[in-house]
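Residue-level structural notes
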Amino acid sequence: MGTSTIHKPTFLILQMFISPLLILCDDTTLAKSLGQSSFPSNFLFGTASSAYQFEGAYLSDGKGLNNWDVFSHKPGNIIDGSNGDLAVDHYYRYMEDIELMGSLGVNSYRFSISWARILPAGRFGEVNLAGIDHYNKLIDVLLLKGIQPFVTLNHFDIPQELEDRFGGWLSPESQEEFLHFADICFKSFGDRVKYWATFNEPNLQVTSGYRSAAVDIFRSKYQKKQGGMIGIVLYAAWFEPISNSTADKSAAERAQSFLTNWILDPIILGRYPSEMNDILGSNLPEFSNKDKDKLKSGLDFIGINHYTSYYVQDCISSKCEPGPGISKTEGFYLQSSQRNGVPIGEYTDLDWLNVYPQGLEKTITYIKERYNNTPMFITENGYGEVYNPNSTIKDFLHDVRRVNYIAGYLNALSVAIRKGADVRGYFAWSLLDNFEWIFGYTVRFGLHHVDHATLKRTPKLSASWYKQFITKHKVVTLMPGPNQQKFQY
Ligand code: NOJ
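Residues numbered from 1 in each chain as written. Predicted model: local features only at pLDDT ≥ 70, side-chain atom pairs only at ≥ 80, totals over all residues. Heavy atoms only, no water.

For the record, the criterion: UniProt positions are given in the numbering used here, feature names are shortened, and annotations may be inferred rather than shown by experiment.
The name recorded for the chain in an unreviewed UniProt entry is Beta-glucosidase, from Quercus rubra. According to its UniProt record, the chain has this under Sequence similarities (unreviewed entry): "Belongs to the glycosyl hydrolase 1 family."

Points about the site of the ligand
The following threshold applies: For this description, a residue counts as near a given molecule or strand if any of its non-hydrogen atoms is within 4 Å of it. The term polar contact refers here to a pair of N or O atoms within 3.5 Å; inside protein, the definition further demands a hydrogen-donor-capable atom paired with an acceptor-capable atom, and it admits residues adjacent in sequence only when both atoms are side-chain atoms. Asp, Glu, Lys and Arg are counted as charged, while Ala, Val, Leu, Ile, Met, Phe, Trp, Tyr, Cys and Pro are counted as nonpolar; the rest, among them Gly, fall into the polar class.
Taken together, 13 residues lie around the ligand, and Gln53, Asn200, Glu380, Glu436 and Trp437 are the ones closest in. One of the side-chain nitrogen or oxygen atoms of Asn200 is found 2.8 Å away from an oxygen atom of the ligand. Between the ligand and Tyr307 there is a distance of 3.3 Å, counted from a nitrogen atom to a side-chain nitrogen or oxygen. A per-class count over the shell around the ligand returns 6 nonpolar, 4 polar and 3 charged.

Looking at the side chain of Ser50
Threshold: In this text, helices come from DSSP runs of H or I with a minimum length of four residues, and strands from runs of E with a minimum of two, each type numbered from the N-terminal end. Throughout this description, buried means an accessible area under 20% of the type-specific maximum (1.4 Å probe, protein chains only), exposed means over 50%, and partly exposed covers the range between. Contacts between residues were defined by any pair of non-hydrogen atoms, one from each residue, lying within 4.5 Å.
Looking at where Ser50 falls in the secondary structure, it is placed in the loop between β1 (44–48) and α3 (51–54). The exposure class of Ser50 is buried, given its relative accessible area of 1%. Leave out the neighbours within four places in its chain, and Ser50 touches Glu55, Ser112, His155, Trp429 and Trp437.

Details of the sheet that holds strand β12 (residues 376–381)
We count it as follows: Strand pairing is defined by DSSP finding a minimum of two bridges between the two strands. Think of each axis as a best-fit line through the C-alpha atoms, taken over the contacting stretch in the case of a helix, with angles from 0 to 180 degrees between the N-to-C directions.
One closed barrel accounts for 8 strands, arranged β1-β2-β3-β4-β5-β7-β12-β14; its pairing is parallel. Taking the axes of each pair of neighbouring strands and ignoring which way they run, one obtains an average angle of 25 degrees across the sheet. Those strands touched by helix α9 (residues 173–189) are β3 (148–154), β4 (195–200) and β5 (229–235), and its axis lies near 165 degrees from that of β3. Relative to β1, helix α18 (residues 461–472) is tilted by about 160 degrees, and along the sheet it contacts β1 and β14 (423–428).

Some points on the packing of aromatic side chains
For the record, the criterion: For Phe, Tyr and Trp, where Trp contributes only its six-membered ring, two rings pair if their centres lie within 6.5 Å, and the inter-plane angle classes them as stacked under 30 degrees, edge-to-face over 60, or tilted in between. Two conditions define a charge located above a ring, namely a distance within 6 Å from the ring centre to NZ of Lys or CZ of Arg, and an angle within 35 degrees of the ring normal.
Tallying each qualifying case throughout the model produces 43 aromatic pairs. Ring geometry for Trp169 against Phe199: centres 5.5 Å apart, planes inclined by 75 degrees, an arrangement best described as edge-to-face. With a gap of 30 residues between them, Trp169 in the loop between α8 (160–166) and α9 and Phe199 in strand β4 connect regions that are remote in the sequence. Exposure remark for Phe199: the relative accessible area of 2% places this residue in the buried category. Over the ring of Phe124 we find Arg165; its NZ or CZ atom is 3.6 Å from the centre of that ring. The side chain of Arg444 reaches across the aromatic face of Phe396, ending 5.1 Å from its centre.

Remarks on the state of the cysteines
Counted only if it meets this: The criterion for a disulfide is a pair of cysteine sulfur atoms lying within 2.5 Å.
Tallied over the full model, the rule gives 1 disulfide. Each sulfur in the disulfide pair Cys315 and Cys320 lies 2.1 Å from the other. The chirality of the disulfide connecting Cys315 with Cys320 is left-handed, given an S-S dihedral of about -100 degrees. When its relative accessible area of 14% is taken as the criterion, Cys315 is described as buried.

A short note on the packing of helix α17 (residues 400–418) against α18
Cut-off, in case you're wondering: Note that the term roughly parallel is reserved for angles under 35 degrees, roughly antiparallel for angles over 145, roughly perpendicular for angles of 65 to 115, and oblique for everything else. Two helices cross in a left-handed way if the nearer one is turned anticlockwise from the farther one by less than a right angle. They cross in a right-handed way if the turn is clockwise.
With their axes 8 Å apart at the nearest point, α17 and α18 run at an angle of 30 degrees to one another. Relative to α18, the element α17 lies roughly parallel. Considering only the axes of α17 and α18, their crossing is right-handed. Residue-level inspection shows Val400, Arg402, Val403, Ile406, Ala407 and Leu410 of α17 in contact with α18, the latter providing Leu461, Ser462, Trp465, Tyr466 and Phe469.

Things to note about the pattern of salt bridges
Selection rule: Throughout this description, the term salt bridge denotes a Lys or Arg side-chain nitrogen within 4 Å of a carboxyl oxygen of Asp or Glu.
Using the criterion set out here, one finds 26 salt bridges in the structure. We note a salt bridge from Asp140 to Arg192, for which the minimum N-O separation is 2.9 Å. Taken as a pair, Asp140 in helix α7 (residues 129–144) and Arg192 in the loop between α9 and β4 lie far apart in primary sequence, 52 residues in all. Summarising the burial analysis for this pair, Asp140 and Arg192 share the class buried. Among the salt bridges present, the one from Arg401 reaches Asp349, with a minimum N-O distance of 3.8 Å. Separated by 52 residues along the polypeptide, Arg401 in helix α17 and Asp349 in the loop between β11 (342–343) and α15 (358–370) bring together distant segments of the chain. This pair shows no difference in class: Arg401 is buried, exactly as Asp349 is. It is possible to trace a salt-bridge network through shared partners that takes in Asp349, Glu385, Asp399, Arg401 and Arg402.

Overview of unusual backbone geometry
In this model, Trp429 is joined to Ser430 through a cis peptide bond whose omega is 20 degrees. Summarising the element assignment, Ser430 is placed in the loop between β14 and β15 (443–444). Even without being a glycine, Asn373 presents a positive backbone phi close to 50 degrees. Counting through the fold element by element, Asn373 comes out in the loop between α15 and β12.

What about the environment of Thr152?
Assignment of secondary structure puts Thr152 in strand β3. Here Thr152 falls in the buried class, since its relative accessible area comes to 0%. Residues Thr152 and Phe199 lie 47 residues apart in sequence; the distance between their C-alpha atoms is 6.4 Å. If near-sequence neighbours (up to four positions away) are discounted, Thr152 is found in contact with Arg110, Phe111, Ser112, Ile113, Ala197, Thr198, Phe199 and Asn200. A distance of 3.1 Å separates the side chain of Thr152 from the side chain of Arg110, its partner in a polar contact.

See the structure below:
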């Protein structure tokens, strides 16, 4: 993600003021156009979070240190000098937060499990029963409220012990570690959790196909008995060719391959994308027969984190300015949010995020066609605002631009569904303002405002809008009861 600069030409400011007004005059304008039948009856409407960004409870109840604890404590790493020690205190305030979810009317909650809370020292130590207990309570309360847990096993945080011992993900040893962690989670929570995502955005974070091995263990040991689905969550942007030239069109295709297809193709199609082979050829790792067997177990769903779109220019046939995408390992294309100075969609406070809802429809349709309409979930979509010392809480609560953004993207989603895409859920990022990684607390993505001094949660306009939207698109979901099993570790 880029830096959070603010750049807004006047005409766009006008546009930003006028279009929200159009929606708010009748805040159901878009919702009405979505049509009641667009979303299947058991569609999951939810909000999303992750452990490090939400929980806090730094070393409480036996939790071990993780990589983000250590990284954020090093001066200079987080732009506001903050860390996730407290975050939004979700570990202690989950009951209150589930109340907020209840009043939104969501029927699902995507959260991740803090690995270091379950296994403070990975396989080099014991299971932390207090950690298991915490997630048991969270899951049970969610289910009692009619909210399906949608659990990500790994959302960027890994026990520091594993970093120190062998360099974390850089070592193949992490595979066994992750399997051990995944196994414990399936065993402990799989009687009630029916949606599992292995990794969040591995395409932005890490690079090894072997991680689909957790799918294998879920299939062979748990799925028959427990049911449920397992998938992976990827960051997926849409890329528009900057011109109609064949070279730019191929560059846009290359950009898809170098961003998302290189993870999904091996898992679903059993090979790397041809665009990647053409450029990287022998530099690509070979799959062993064992790997190939594991990859065959595939995915039950594809999780899509989609926020924005870019223009793409070819850098093979012509020379490009320095910029994102231009190197060989990135695929020789130049990614930009603008064409001749005109943005692809309305600017936001974040320089990597422009509003281009049709990009979501195109992304879904592309994934649907490439992967034979594998079930999909939009696991994240949301609008970030930069904290500005001059803005008041009132400004943040009146988040018209976020309402417009979500309305536009839900509209695009409904179009994709109407055209036949098997999308089964949508999760707004995020339930609450939270810790936005290297941007600390300066960026706010929440449907609820969090006062970081008092931790008070206040619904924003977007929370009321989402609530109304969900009410209009009634959903019916069958829940398994919260009769948890007890295990020996
Ligand atoms: C994707 C990441 O999964 C999440 O952790 C992050 O906060 C949001 N994008 C917003 O940048």
